[in-house]
Amino acid sequence: MRLCVLGSSAGGGLPQWNCACANCVEARRGSARVRPRTQDALALGVNGGSWFLINASPDVHRQIEAFPPLQPRAGRATPIAGVILTNGDLDHTLGLFSLRENTPLAIYATEAVYRGLAEGNTVFRTLQRFPGQTTWRRLELEKPAELAGPDGAPTGVTVVPVALPGKVPKHLEGLAPPSPEDNIGLWIRDGASGRVAAVATAVGAAGAYVPRLDGADVCFFDGTFWSSDELVRLGLGKARAEDMAHLPIGGDGGSLSLLAGVAARRKIYTHINNTNPILVEGSPERRAVEAAGWEVAVDGLEIDL
């Protein structure tokens, strides 16, 4: 089992198109202190050379071109077998429409995410250009699902969807009732090696998932904001981190404190907002994270399990 961080930024990327915060300015200048990042996505390589995207970001085309194992090998024979969605947010789903060119794909999603995206949405007809172009496979909370491509061939890798504190996507607020299926983490297990990767990149609060991170070989965790009032303090918004369903890193109730005792072999913050000071090499916040045994994800980071 192999993992690659395709994109390590929160929605909007770094630099963000409409933002002139200090981090975005540094990134645009080509500063070595703040590296540009594309929007949150992972690639999961399984036995046989097939790959599954964990979320399909709006930057998916750039991400494929930046990671040769995802590129086609002959004709239009892509190694990408499918996409696993952790929620229905646009920064995790818009890339599906960049994958529309007549290639079969399996899409794994909970029923709530499927309904919010595809039911009654005529735009999704572009992913059904021929029978079997898109095979939707339902993820059920706490039930292991073995990953398989559109042809159904097993991979030996299973995912267990775990409900995480979150919220319905912005475009569904007031239209769909909240569901535990709206936002999930993935506990991914390689049947051959027994290695486990935990993916929890959008987490709104502390919860029962915390002890379950123990023993993971790698844990990807929500690194969106350093502080609860980050956007408010910078004059860039009125919502606090928790209002946006993201647990901040710093502070007494932040994830750095909350997860201090978690015994994962590697712990990596990703889905990092463009305003977050951990993006700055050598910043006090970056040093605090690293001193606690955490890594800060960058695009292109590869992990073999």
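Residues numbered from 1 in each chain as written. Predicted model: local features only at pLDDT ≥ 70, side-chain atom pairs only at ≥ 80, totals over all residues. Heavy atoms only, no water.

Caption draft 1: Focus on the overall build of the protein. Of regular secondary structure, the protein possesses seven helices and 14 strands. In terms of overall dimensions, the protein is globule-like: its C-alpha atoms have a radius of gyration of 18 Å, near the 19 Å expected for 305 residues. The principal-axis extents of the C-alpha atoms in the protein amount to approximately 50 × 40 × 40 Å. Counting every position in the protein, which comprises 305 residues, the buried fraction comes to 53%. (Helix = DSSP H or I, 4+ residues; strand = E, 2+ residues; numbered from the N terminus. Rg over C-alpha atoms; globule rule 2.2 N^0.38 Å. Buried < 20%, exposed > 50% of the residue type's maximum accessible area, 1.4 Å probe, protein only.)

Caption draft 2: Structural context of the side chain of serine 9. By the secondary structure assignment, serine 9 is in the loop between strand S1 (2-7) and helix H1 (22-28). A distance of 3.4 Å separates the side chain of serine 9 from the backbone oxygen of isoleucine 272, its partner in a polar contact. (Polar contact = N/O pair within 3.5 Å; in protein donor to acceptor, adjacent residues only side chain to side chain.)

Caption draft 3: Here's a closer look at the pairing of strand S7 (residues 145-148). Pairing analysis gives three bridges linking S7 to strand S8 (residues 154-163), with the strands arranged antiparallel. For alanine 148, the partnering residue across the bridge sits in S8 and is proline 154. What sits between the antiparallel neighbours S7 and S8 is a turn of five residues, in which glycine 152 has the positive phi angle 85°. (Pairing = 2+ DSSP bridges.)

Caption draft 4: Quick look at the pattern of salt bridges. For the coordinates displayed, the defined rule picks out 16 salt bridges. Residues arginine 212 and glutamate 142 are paired through a salt bridge, measuring 2.9 Å at the closest nitrogen-oxygen approach. Residue arginine 212 is found in the loop between strand S10 (196-200) and strand S11 (218-222), and its partner glutamate 142 is found in the loop between strand S6 (134-139) and S7; the two are separated by 70 residues along the sequence. In this structure arginine 212 comes out as partly exposed when scored by relative accessible area, which is 35%. The residue arginine 265 makes a salt bridge to aspartate 217 at a minimum N-O spacing of 3.7 Å. Separated by 48 residues along the polypeptide, arginine 265 in the loop between helix H6 (255-258) and strand S12 (267-270) and aspartate 217 in the loop between S10 and S11 bring together distant segments of the chain. (Salt bridge = Lys/Arg side-chain N within 4 Å of Asp/Glu carboxyl O.)

Caption draft 5: Region of the structure containing the UniProt feature "domain: Metallo-beta-lactamase" (unreviewed entry) in the protein. The residues that UniProt annotates with the feature "domain: Metallo-beta-lactamase" (unreviewed entry) are residues 51-272. With 12% helix and 25% strand, residues 51-272 has end C-alpha atoms that lie 24 Å from one another. (UniProt positions renumbered as here; feature names shortened; annotations may be inferred.)

Caption draft 6: Expanded view of the packing of aromatic side chains. One pass over the full model with this rule turns up eight aromatic pairs. Arranged with centres 4.8 Å apart and planes meeting at 70°, the rings of tyrosine 114 and tryptophan 136 form a pair that is edge-to-face. Note that tyrosine 114 is positioned in helix H4 (residues 111-118) and tryptophan 136 in strand S6, a separation of 22 residues in sequence. Given a relative accessible area of 27%, tyrosine 114 falls into the partly exposed group. Here tryptophan 136 falls in the partly exposed class, since its relative accessible area comes to 22%. Among the aromatic residues, those joined into a ring-pair cluster are Phe97, Tyr114, Phe124 and Trp136. Arginine 212 extends its terminal NZ or CZ atom over the ring of tryptophan 187, reaching a point 5.7 Å from the ring centre. (Phe/Tyr/Trp six-rings, centres within 6.5 Å; stacked < 30°, edge-to-face > 60°. Lys NZ or Arg CZ within 6 Å of the ring centre and 35° of its normal.)

Caption draft 7: Local environment of the sheet that holds S12. Pairing in this open sheet of seven strands is mixed, and the strands run S7-S8-S9-S10-S11-S12-S13 from one edge to the other. Bordering the open sheet on either side are S7 and strand S13 (294-296), each of which pairs with just one other strand. Taken over all neighbouring pairs, the strand axes of this sheet differ in orientation by 25° on average, direction set aside. Across four bridges, strand S9 (residues 184-190) lies against S10 in antiparallel orientation. Residue pairing across strands places arginine 189 opposite valine 196, the latter belonging to S10. (Axes fitted to C-alpha atoms, helices over the stretch in contact; angles between N-to-C directions.)

Caption draft 8: Looking closely at the environment of glycine 237. Following the sequence through the fold, glycine 237 ends up in the loop between helix H5 (230-233) and H6. When its relative accessible area of 29% is taken as the criterion, glycine 237 is described as partly exposed. The contacts of glycine 237, once residues within four sequence positions are left out, are Leu231 and Val232. (Contact = heavy atoms within 4.5 Å.)

Caption draft 9: Local environment of unusual backbone geometry. Omega for the peptide link from leucine 14 to proline 15 comes to 0°, which places this bond in the cis form. Mapped onto the secondary structure, proline 15 falls in the loop between S1 and H1. A positive phi angle, close to 80°, is found at asparagine 55, a residue other than glycine. Relative to the helices and strands, asparagine 55 is located in the loop between strand S3 (51-54) and helix H2 (60-66). One non-glycine residue, glutamate 142, lies in positive phi territory at about 70°. Note on glutamate 142: relative accessible area 42%, which makes it partly exposed.

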